[in-house]
Amino acid sequence: MVKIKSNLYASKYEVANSQYLAFIHSLIKANQDEKIAIAQIVSSLWLDESGSNKPFVSYYHTHPAVKDYPVLNIRHDAAMLFCEWLTNEYNSNPKRKFRKVNFRLPTEKEWMIAARGGNNTAVYPWQGNELKDKKGHYMCNFARSGDDSTEVSGLNSSSITTPVKSFLPNKYGMYNMSGNVAEMLNVSNIVKGGSWLDSQEFTKIAKKQSYDGSPKNSVGFRYFVEIIDK
C-alpha cells in the first residue's frame, strides 16, 4: 500500500485473481452461500461473437499463469464484499500495523488524487500529456487497432489485460491507474481510468465512464484503506 494522505492508503495494484480467489475460498470454507452468490465470477462474459476469447472462460480466473492478472467479471457488490472481508481479516490479525482500519472502494475525488500522484494538473498518471514515452512505448494498456495492438515493451497490450504490476508506476508508486481495467468507485454508476477495451480518451484522469454495477470483462477494482485507529 502507499500513503495518499494522513489517514488514507491505497493498494499499489488492482486486485488480482489470486487475491480474489482467496476471498472466494474463505467464503466457501465458512459456508456463506449468500455471499458466494454475490461474489461469483461470471466467466462466460469473456465470450464474444468470434469465439476468440473462449479459452479465457475456462482459464483466465483460475490458471496459475494469470494469477497476477486483475480480477474481472464481478459485480460492484462483490468488490464491496471483498473489502468487507479484507477489513475483517486485517482487524483480526494480531500482527497488524494499525489497530483498526476500513478497506473500501475510493470516492471519485480520492481516486483522482491517487492517480495524479501529487500533480494537481496531471492529465495522465505519468508526466506529460502523451500516451507514449520518448522511445515510443505506450504508458498504459488501452484499446488500439491494427498493427498498433501488438507487443509493447514485452506486453501484449490491448489484446487482453496485463499483470497488475505492468508498465511504470505513478509518483505514488501505483500501477495501472490508467488502462488495463476500469476501476470501481464507492458508487456503482461510474468507473475511472479506462481499460484494455476502451479508447485513449478514457485513460485521462478526469474522464469517467457510466457503469451499471454488473460484471464486465473490462471492469475491476483496487482497494483503499482508511485508518480508523492508529
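In what follows, the structure referred to is the one given above.
Residues numbered from 1 in each chain as written. Predicted model: local features only at pLDDT ≥ 70, side-chain atom pairs only at ≥ 80, totals over all residues. Heavy atoms only, no water.

A. Just the overall build of the chain, in detail. Secondary structure summary: the chain contains five helices and eight strands in total. For the chain, the succession of helices and strands along the chain, N to C, is β-β-α-α-α-α-β-α-β-β-β-β-β. Radius of gyration (C-alpha) of the chain: 17 Å, near the 17 Å computed for a compact globule of 230 residues. In terms of principal-axis extent, the alpha carbons of the chain reach across some 50 × 45 × 30 Å. Across the chain, the fraction of contacts at a sequence separation of at least 24, relative to all contacts at a separation of at least 6, is 65%. For the chain, the exposed surface amounts to about 11700 Å²; the carbon and sulfur share of it is 49%. Of note, the chain has its 29 positive side-chain charges centred 9 Å away from the centre of its 22 negative side-chain charges. (Helix = DSSP H or I, 4+ residues; strand = E, 2+ residues; numbered from the N terminus. Rg over C-alpha atoms; globule rule 2.2 N^0.38 Å. Contact = heavy atoms within 4.5 Å. Areas by Shrake-Rupley, 256 points an atom, 1.4 Å probe, with all protein chains shown as cover. Lys, Arg positive; Asp, Glu negative; His and termini not counted. Charge placed at Lys NZ, Arg CZ, Asp CG, Glu CD.)

B. Up close: the packing of helix α1 (residues 17–29) against helix α4 (residues 76–91). At a minimum axis separation of 11 Å, α1 and α4 run at an interaxial angle of 75°. Viewed along their axes, α1 and α4 adopt a mutual orientation that is roughly perpendicular. Facing Gln19, Tyr20, Ala22, Phe23 and Ser26 of α1, the residues of α4 in contact are Ala78, Leu81, Phe82 and Trp85. A class-by-class count of the residues in the contact of α1 with α4 yields seven nonpolar, two polar and no charged. (Axes fitted to C-alpha atoms, helices over the stretch in contact; angles between N-to-C directions. Parallel < 35°, antiparallel > 145°, perpendicular 65-115°, else oblique. Nonpolar A, V, L, I, M, F, W, Y, C, P; charged D, E, K, R; others polar.)

C. Representation of the sheet that holds strand β3 (residues 100–104) in the model. Strand order in the open sheet made by the four strands is β1-β2-β8-β3, with antiparallel pairing throughout. In the strand order of this sheet, the two ends are held by β1 (2–5) and β3, each with one partner. Here the average twist between neighbouring strands, direction ignored, is 30°. With three bridges connecting them, β1 and strand β2 (residues 8–10) associate as antiparallel partners. The partner of Lys3 across the bridge, within β2, is Tyr9. Where helix α5 (residues 108–116) meets the sheet, it contacts β1, β2, β3 and β8 (224–229), and its direction lies at approximately 110° from that of β8. (Pairing = 2+ DSSP bridges.)

D. Expanded view of unusual backbone geometry. A positive phi angle, close to 55°, is found at Asn31, a residue other than glycine. In this structure, Asn31 sits in the loop between α1 and α2 (33–39).

E. Representation of the sheet that holds strand β4 (residues 182–184) in the model. Reading across from one edge, β6-β5-β4-β7 is the order of the four strands in this open sheet, with mixed pairing throughout. One side of each edge strand has no neighbouring strand; the edge strands of this open sheet are β6 (208–210) and β7 (219–220). Sheet topology places strand β5 (residues 190–192) next to β6; three bridges connect them, and they run antiparallel. Following the sheet pairing, Ile190 is matched in β6 by Ser210. Where α5 meets the sheet, it contacts β4, β5 and β6, and its direction lies at approximately 10° from that of β5.

F. Summary view of the environment of Leu86. By the secondary structure assignment, Leu86 is in helix α4. Judged by its relative accessible area of 17%, Leu86 falls in the buried class. With 18 residues separating them in the primary sequence, Leu86 and Arg104 have C-alpha atoms 9.1 Å apart. Residue contacts for Leu86: discarding those within four places in its chain leaves Phe103 and Tyr223. (Buried < 20%, exposed > 50% of the residue type's maximum accessible area, 1.4 Å probe, protein only.)

G. Main features of the packing of aromatic side chains. This structure, assessed with the given rule, holds 17 aromatic pairs. Their ring planes at 5° and their centres at 4.9 Å tell us that Tyr124 and Trp126 sit as a pair that is stacked. Of the two residues, Tyr124 and Trp126, both sit in the buried class. Through pairs of rings, three or more aromatic residues link up here, namely Tyr20, Phe23, Phe82, Trp85, Tyr90, Phe103, Phe221 and Tyr223. (Phe/Tyr/Trp six-rings, centres within 6.5 Å; stacked < 30°, edge-to-face > 60°.)

H. A look at the nonpolar core. Grouped together as the largest cluster of nonpolar side chains are 30 residues, with contacts concentrated most on Tyr20, Phe82 and Phe221. Of all the secondary-structure elements, those providing two or more residues to this core are α1, α4, β3, β4 and β8. With eight residues, α4 is the largest single contributor of residues to this core. In this structure, Phe82 is in contact with Val15, Gln19, Tyr20, Phe23, Phe221 and Tyr223, ignoring residues within four places of it in sequence. Val2, Ala115, Ile190 and Phe224 belong to the second largest nonpolar core, which has 15 residues in total. (Core = buried A, V, L, I, M, F, W, Y, C linked by side-chain atoms within 4.5 Å.)

Geometric values such as these leave the question of function open.
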